[in-house]
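Remarks on the overall topology
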Amino acid sequence: MTFIGLQLPFDATSAVLIVPAGAAALLALLPGYWLSARLNVLASLATLLAALSLLIERPAPSAYLFVDDLNIVFVVLATFVGFTTSVFSASYIGHELEIGKLTPRYLRFYHAMYQTLMFAMNLALVANNIGLMWVAIEIATLTTVLMVGIYRTHEALEAAWKYFILGSVGIALALFGTILVYMAARPVLGEGQDAMVWTALIARAGGFAPELLNVAFVFLMLGYGTKVGLAPLHAWLPDAHAEGPTPISAVLSGLLLNVALYALLRFKMLLAANPAAIAPGPLMVTMGLLSLIFAGFMLYRRRDIKRMFAYSSIEHMGLITFAFGMGGPLANFAGLLHMSLHSLTKSAIFFAVGHIAQAKGTQRISEIRGLTESHPVLGWGLVLGVVAIAGLPPLGLFMSEFLIVSSTFVRAPLLAILLVLGLLIAFGALMLRMSEVAFGAPTGSTAPVKASYVPLFAHLALVAGAGVYLPGPLVAWFQSVARLLG
Amino acid sequence: MSSHLFDIAHMLAGGLVLLSLALLYQDRMFGLLNVFALHAVVLSASVAWQGHIQGAPHLYITALIALLLKAVIIPLALRRIVVRLGIHRTIETVVGIGPTMLAGMALVALSMVVMLKATATADPLAREDLAFALSVVLLGLLMMVSRRNAVSQVVGFMSLENGMILAATGAKGMPLVVEISVAFSVLVAFIVIGVFLFRIRERFDTVDVAALDAFRGERR
């Protein structure tokens, strides 16, 4: 029992679910910006503490919830970014209320949905039942759809509708895959609940009918791959990022894509445990590489700053999927590291972009110039973030990209050439746009903006720190997860 | 299991595939909604029949939900939307009816080949149910891409979802079936509410999705 467990009647696994669920109910009732924004931060902090306590002591797995080496990485990352985003959201939403872009009526809705999203993502991560995991991802999809459309503009509604239709098709296909996995497991594990429990599935996967598992994985890859934002199923992602409130863009890129990827990784492990099933790697490698190169080219044509960074998310999710598809201890380690650092960096970039768009009153790249002069702190924060996301040394993403590329060179040099090509294309686009936006004569408003810099620079400091020095225990932890992934 | 129990299960599942194909060539809104309501009735009969032959009473609840929500409430709600928006004349299709039907038949053949091959070891009822279910799913997808009208996209999605429920109930002893069907119904309700709430007509003056594309940020 942990220090939290001693005081509360439930364990820490349930706490990461109960706290956001309770907070969502409370926030749905509470009017007023001041109180609800602070309560939102407080609830996110409590969830983070509960997640951290899981590192110290893990409750025993139940039929519905469990914590293991793999999902704890995702849970800690999700609750951390969830907390920092709630801090950013407090100042961001305050400004949106002032300029009247968001009405108080929608504010209550916004905060309740934020906590519901946290609840759904945590549930998807700690679920020990593949059906429950699917339901959680569905809830997460629906809440984000509602949040993307919250501004009620033409663009926001169109983005929400597109996201809704594509996301629904994606999760419908994932459900079909889930049913097929159950069908494969039933002869071995018997009817009912048992054949959907993850811990039972992975232990007995060797005896499942391989043909069914193969078909199931194709559906799961297409279904959850849509949610990861892999090309050619990515069409919803840029619109949803560009038109929703920026805190949601940060959470979408930083967390929800990871949650879908986590689901995919789980099923990849299941297939890997069955010797007669197809190797899931090549499929993931192909889609990952396709997304990377496609998004790299698309980056050049963006005119909207949030849309540009959404394409950059597609690029990085492609890279991460590629790394996990390659498999092996080194590539998995690099993929895991890259995923964590990408979450931190991309949400930091969205924190900066959110305040910049508020300061300048526009998201159009051509109307934002000379940020380092007009808003030095935000401008340099963005520069640092873009330098990190482009993969320049000495920041953390350089190291993880280097590891992915070098491990690929050893095993498949041809793929590595394509990989490097894709990375260079994206690098060029990001540098080009960043120099336009950050330097030169400033345009638009130069009035100072009320911003919360702490989340932005906390993330960037972590990313920079990871590039210089990775603590030993963290490396050992990630290595053990990488071995688990096979 | 006696053979007539088996035959009826097949007949109902096959009927669902047939109705999915019928949905593809409906070129009037009301016709589309009527066929969809029938689709839901057949689904609920199929689910209830599965409940009967599997001895699983909780499937009756799923069947009842499908009947009430999908065969009555949602078609009525959509009908009201269609009347209010005045779009009951015709449906615009991206591709013609002929090619769509050919593509539909190809998809049915594909799902038969894939599923019957993949499930060679599973029990015969479940495997053919799954093949039918996959056909319904793929036909629903086809319908969503071959229609540009938001209401018919919703109908396409709901027929896809009926295929999911068919698959879930065909898998014997699948837990969470009721929960999943409820979760799906929530999803459907969201779509319908979405059409209402978002008031696409009001915002865009048309429910033609192609017109919405003009608002994409890239073309600003």
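Remember, it's a predicted structure, so these values are computed and weren't measured experimentally.

1. Brief notes about the overall build of chain B
A tally of regular secondary structure across chain B gives nine helices and zero strands. For chain B, the succession of helices and strands along the chain, N to C, is α-α-α-α-α-α-α-α-α. When burial is assessed residue by residue, chain B has 45% of its 220 residues classed as buried. Taking as baseline every contact in chain B between residues at least 6 positions apart, the subset at least 24 positions apart corresponds to 72%.

2. Digging into the overall build of chain A
A tally of helices and strands in chain A yields 20 helices and zero strands. A compact globule built from 486 residues would reach a C-alpha radius of gyration of about 23 Å, and chain A, at 21 Å, matches this within 12%. Each principal axis of the C-alpha distribution contributes one length, and for chain A these read about 65 × 55 × 45 Å. Each of the 486 residues in chain A was classed as buried or not, and the buried ones make up 62%. Within chain A, contacts between residues separated by at least 24 positions form 81% of all contacts whose residues are at least 6 apart in sequence.

3. Points about the nonpolar core
All names here are of chain A. Met 121, Ala 124, Ala 136 and Val 259 are the most contacted members of the largest nonpolar core, which totals 257 residues. At 24 residues, the largest contribution of residues to this core is made by helix 7 (residues 154-189). Filtering out sequence-adjacent residues up to four positions away, Ala 136 remains in contact with Ala 120, Leu 123, Ala 124 and Ala 127.

4. Description of the packing of helix 2 (residues 12-29) of chain A against helix 3 (residues 33-56) of chain A
Residues and elements named next belong to chain A. Taken N-terminus to C-terminus, the directions of helix 2 and helix 3 make an angle of 170 degrees; their axes are 8 Å apart at the nearest point. Of the possible angle classes, the one that applies to helix 2 and helix 3 is roughly antiparallel. Contacts from Ala 12, Thr 13, Ala 15, Val 16, Val 19, Pro 20, Ala 23, Leu 26 and Leu 27 of helix 2 reach helix 3 at Ser 36, Leu 39, Asn 40, Ala 43, Ala 46, Thr 47, Ala 50, Ala 51, Ser 53 and Leu 54. Looking at the contact of helix 2 with helix 3, its residues break down into 14 nonpolar, five polar and no charged.

5. Comments concerning the interface of chain A and chain B
Taken residue by residue, the interface counts 34 residues in chain A and 38 residues in chain B. Elements with a contribution of two residues or more to the side of chain A that touches chain B: helix 6 (130-148), helix 7 and helix 9 (210-228) of chain A. The element best represented in the side of chain A that touches chain B is helix 7 of chain A, accounting for 16 residues. Its residues assigned to classes, the side of chain A that touches chain B shows 18 nonpolar, seven polar and nine charged.

6. Quick notes on the packing of helix 3 of chain A against helix 4 (residues 69-98) of chain A
All names here are of chain A. Put simply, helix 3 and helix 4 touch, their axes get as near as 8 Å, and they point 170 degrees apart. Classified by the angle between their axes, helix 3 and helix 4 sit roughly antiparallel to one another. Across the contact of helix 3 with helix 4, the residue classes tally to 18 nonpolar, eight polar and no charged.

7. A short note on the environment of Gly 486 of chain A
Residue and element names in this part refer to chain A. Tracing the chain through its elements places Gly 486 in the segment after helix 20 (472-485). Considering only alpha carbons, one finds Gly 486 and Lys 162, 324 residues apart in sequence, at a separation of 36 Å. Apart from residues no more than four positions distant in its own chain, Gly 486 is found in contact with Met 269, Ala 272 and Gly 327.

8. Examining the confidence of the model for chain B
The predicted coordinates should not be examined in detail at positions where pLDDT is low. Residue and element names in this part refer to chain B. Of the residues in chain B, 82% have a pLDDT of 70 or more, and the chain-wide mean is 80. Per-residue pLDDT, averaged within each element of chain B, yields its smallest value for helix 8 (residues 200-204) (52) and its largest for helix 2 (residues 29-54) (92). Low confidence marks residues 215-220, where pLDDT is under 50. Its contacts with residues over four positions away, or in another chain, come to nine contacts. What the predictor reports for the complex is a pTM of 0.90 with an ipTM of 0.85.

9. Quick word on unusual backbone geometry
Here the amide bond leading from Ala 231 of chain A into Pro 232 of chain A is cis, since omega sits at 5 degrees, within 30 degrees of zero. If you trace the backbone, Pro 232 of chain A turns up in the loop between helix 9 and helix 10 (236-243).

10. Remarks on helix 18 (residues 413-438) of chain A
Residue and element names in this part refer to chain A. The end-to-end C-alpha distance of helix 18, which contains 26 residues, comes to 36 Å, matching closely the 38 Å that a straight helix rising 1.5 Å per residue would cover. Where helix 18 is concerned, the buried positions are Leu 419, Gly 422, Leu 423, Ile 425, Ala 426, Ala 429, Leu 430, Arg 433 and Val 437. Those residues of helix 18 that are buried lie in contact with helix 12 (281-298), helix 13 (305-326), helix 15 (371-374), helix 16 (376-389) and helix 17 (396-411).

11. Some details on the environment of Val 410 of chain A
Inspection of the secondary structure puts Val 410 of chain A in helix 17. Between the alpha carbons of Val 410 of chain A and Ile 349 of chain A there is a distance of 33 Å; along the sequence they are 61 residues apart.

12. Here's the deal with the confidence of the model for chain A
Residue and element names in this part refer to chain A. The predicted model of chain A averages 89 in pLDDT, with 98% of residues at 70 or higher. Helix 13 holds the highest mean pLDDT among the elements of chain A, 95, whereas helix 1 (residues 3-7) holds the lowest, 44. Predicted confidence is poor over residues 1-8, with pLDDT under 50, and the contacts of this stretch with residues over four places away or in other chains come to 14 contacts.

Calculation criteria
Residues numbered from 1 in each chain as written. Chains lettered and ligands numbered in written order. Predicted model: local features only at pLDDT ≥ 70, side-chain atom pairs only at ≥ 80, totals over all residues. Helix = DSSP H or I, 4+ residues; strand = E, 2+ residues; numbered from the N terminus. Buried ≥ 20, exposed ≤ 12 C-beta atoms within 10 Å, placed from the backbone. Contact = placed C-beta atoms within 7 Å. Rg over C-alpha atoms; globule rule 2.2 N^0.38 Å. Core = buried A, V, L, I, M, F, W, Y, C linked by C-beta atoms within 7 Å. Axes fitted to C-alpha atoms, helices over the stretch in contact; angles between N-to-C directions. Parallel < 35°, antiparallel > 145°, perpendicular 65-115°, else oblique. Nonpolar A, V, L, I, M, F, W, Y, C, P; charged D, E, K, R; others polar. pLDDT = per-residue confidence, 0-100. Expected span 1.5 Å × (residues − 1).

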